[in-house]
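Here is how the chains run, residue by residue.
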Amino acid sequence: MIKPDAVQRNLVGEIVSRFEKKGFKLIGAKLMHITEQQAEKHYSEHKGKSFYNQLVDFITSGPVFAMVWEGKEVIATARKMMGKTNPQEADTGTIRGDYGVVTHRNIIHGSDSEESAQREIALFFHENELLDYKKDV
Ligand code: CMP
């Protein structure tokens, strides 16, 4: 999910392009406002942490670009492409390393496991928004 800071800064095309060039298959994408309820569900594991309120406020502060990508080892690879959560620690060449400055505005979110991907996809997409098509690599 491309977060509100990156949408504001016109980075959607750049970020989508990185995943396209890598060779992953885009099966769903949309610009959307996340509701507070969705944000609370999405970040439920962080409830009670010092940055939780800031996190929910930020992710609901403007449109996000939600995406579903498919491919071999896509979750682990996407995490490498995104870089560390704290952009200051993220390597140059990663998305957060190249475009982010602070942890609470870190450009992009990616699911950290298959289970969280399933949960997060169901939270933001209807089944009929996920496309089944053949893509030659
Ligand atoms: P994300 O991948 O969206 O998952 C949880 C988010 O919480 C994370 O990216 C950061 O934006 C945010 N986050 C994690 N740790 C901190 C922190 N210590 N201070 C502020 N925000 C944090």
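It should be noted that the structure appears before, not after, this text.
Residues take numbers from 1 onward in each chain, read along the sequence in its written order. Residue-level local features of this predicted model are given only where pLDDT is at least 70; pairs of side-chain atoms are given and counted only at 80 or more, and the full residue set underlies all totals for whole chains, interfaces and linings. Just so you know, side-chain values use all the structure's heavy atoms and leave hydrogens and water out.

Chemist: Would you mind going over the site of the ligand with me for this structure?
Modeler: Proximity is defined per residue: if any heavy atom of the residue lies within 4 Å of a molecule or strand, that residue is considered near it. The environment of the ligand is formed by K3, Y43, H46, F51, L55, T85, R96, T103, H104, N106 and H109. Within 3.5 Å is the distance limit for a polar contact, defined as a pair of N or O atoms, with the added protein rule that one can donate a hydrogen and the other accept it, and that residues adjacent in sequence qualify only through two side-chain atoms. Between an oxygen atom of the ligand and a side-chain N or O atom of R96, the distance comes to 3.4 Å. Shrake-Rupley sampling with a 1.4 Å probe provides the accessible areas, and residues are treated as covered by the protein chains on show and by no other component. Relative to its unbound accessible surface of 460 Å², the ligand loses 75% to contact with the protein. Residue composition of the shell around the ligand, grouped by class: three nonpolar, six polar and two charged. Think of it as three bins: nonpolar holds Ala, Val, Leu, Ile, Met, Phe, Trp, Tyr, Cys and Pro, charged holds Asp, Glu, Lys and Arg, and polar takes everything else, Gly as well.

Chemist: Sorry if this is basic, but what is going on with the packing of helix α2 (residues 12-22) against helix α5 (residues 74-82) here?
Modeler: Helix-helix packing is described using two parameters, namely the angle between the two axes and the distance between the axes. Taken N-terminus to C-terminus, the directions of α2 and α5 make an angle of 135°; their axes are 12 Å apart at the nearest point. Judged by the angle between their axes, α2 and α5 are oblique. Judged by the twist between their axes, the crossing of α2 over α5 is right-handed. Counting all contacts with α2, which are made through R18, F19 and K22, the residues of α5 involved are T77, A78 and M81. Of the residues that constitute the contact of α2 with α5, the class distribution is three nonpolar, one polar and two charged. Each axis is a line fitted through C-alpha atoms, and for a helix only the stretch in contact is used; angles between axes span 0 to 180 degrees, taken between their N-to-C directions. Working definition: helices are DSSP H or I runs of at least four residues, strands are E runs of at least two. Numbering for both runs from the N terminus. Just so you know how the angles are binned, under 35 degrees is roughly parallel, over 145 roughly antiparallel, 65 to 115 roughly perpendicular, and the rest oblique. Working rule for handedness: look at the near helix, and if it is turned counterclockwise from the far one by less than a right angle, call the crossing left-handed; if clockwise, right-handed. Contacts are residue-level and defined by heavy atoms, with any inter-residue pair within 4.5 Å sufficient.

Chemist: Please explain the nonpolar core as it appears in this structure.
Modeler: Burial of nonpolar side chains together is a common tendency in soluble globular proteins. Within the largest apolar cluster, 19 residues are counted, with the highest numbers of intra-cluster contacts made by I2, I15, F19, W69, I95, I107 and I108. Broken down by secondary-structure element, the contributors of at least two residues to this core are α1 (4-8), α2, β2 (64-70), α5 and α6 (95-99). The biggest single contributor to this core is α5, with four residues. Every residue in contact with I108, bar those within four places of it in the chain, is listed here: M1, K3, I15, F19, M82, I95 and R96. By nonpolar core we mean a set of buried residues, namely Ala, Val, Leu, Ile, Met, Phe, Trp, Tyr and Cys, connected to one another through side-chain atoms within 4.5 Å. Throughout, exposure labels follow a simple rule: accessible area from a 1.4 Å probe, protein chains only, divided by the maximum for the residue type, with under 20% read as buried, over 50% as exposed, and the rest as partly exposed.

Chemist: Would you mind showing me how to read the side chain of E120 here?
Modeler: Position of E120 among the secondary structure elements: in helix α7 (residues 114-124). Neither His nor the chain ends contribute to the count of charged residues, in which Lys and Arg are positive and Asp and Glu negative. We define a salt bridge as a side-chain nitrogen of Lys or Arg found within 4 Å of a carboxyl oxygen belonging to Asp or Glu. Although E120 lies buried, it forms no salt bridge, and the closest oppositely charged side chain, R119, sits 4.0 Å away as judged by the N-O distance. Excluding residues within four positions of it along the chain, E120 makes contact with H42, H109 and S111.

Chemist: Help me understand unusual backbone geometry, please; the structure alone is not making it clear to me.
Modeler: Trans peptide bonds make up the majority, and among non-glycine residues the majority have a negative phi. Even without being glycine, N10 reaches a positive phi, approximately 60°. Checked against the element boundaries, N10 lands in the loop between α1 and α2. With a phi close to 75°, I107 is a non-glycine residue in the positive phi region. Structurally, the position occupied by I107 is in the loop between α6 and α7. Relative accessible area serves as the criterion here: at 0%, I107 is assigned to the buried category.

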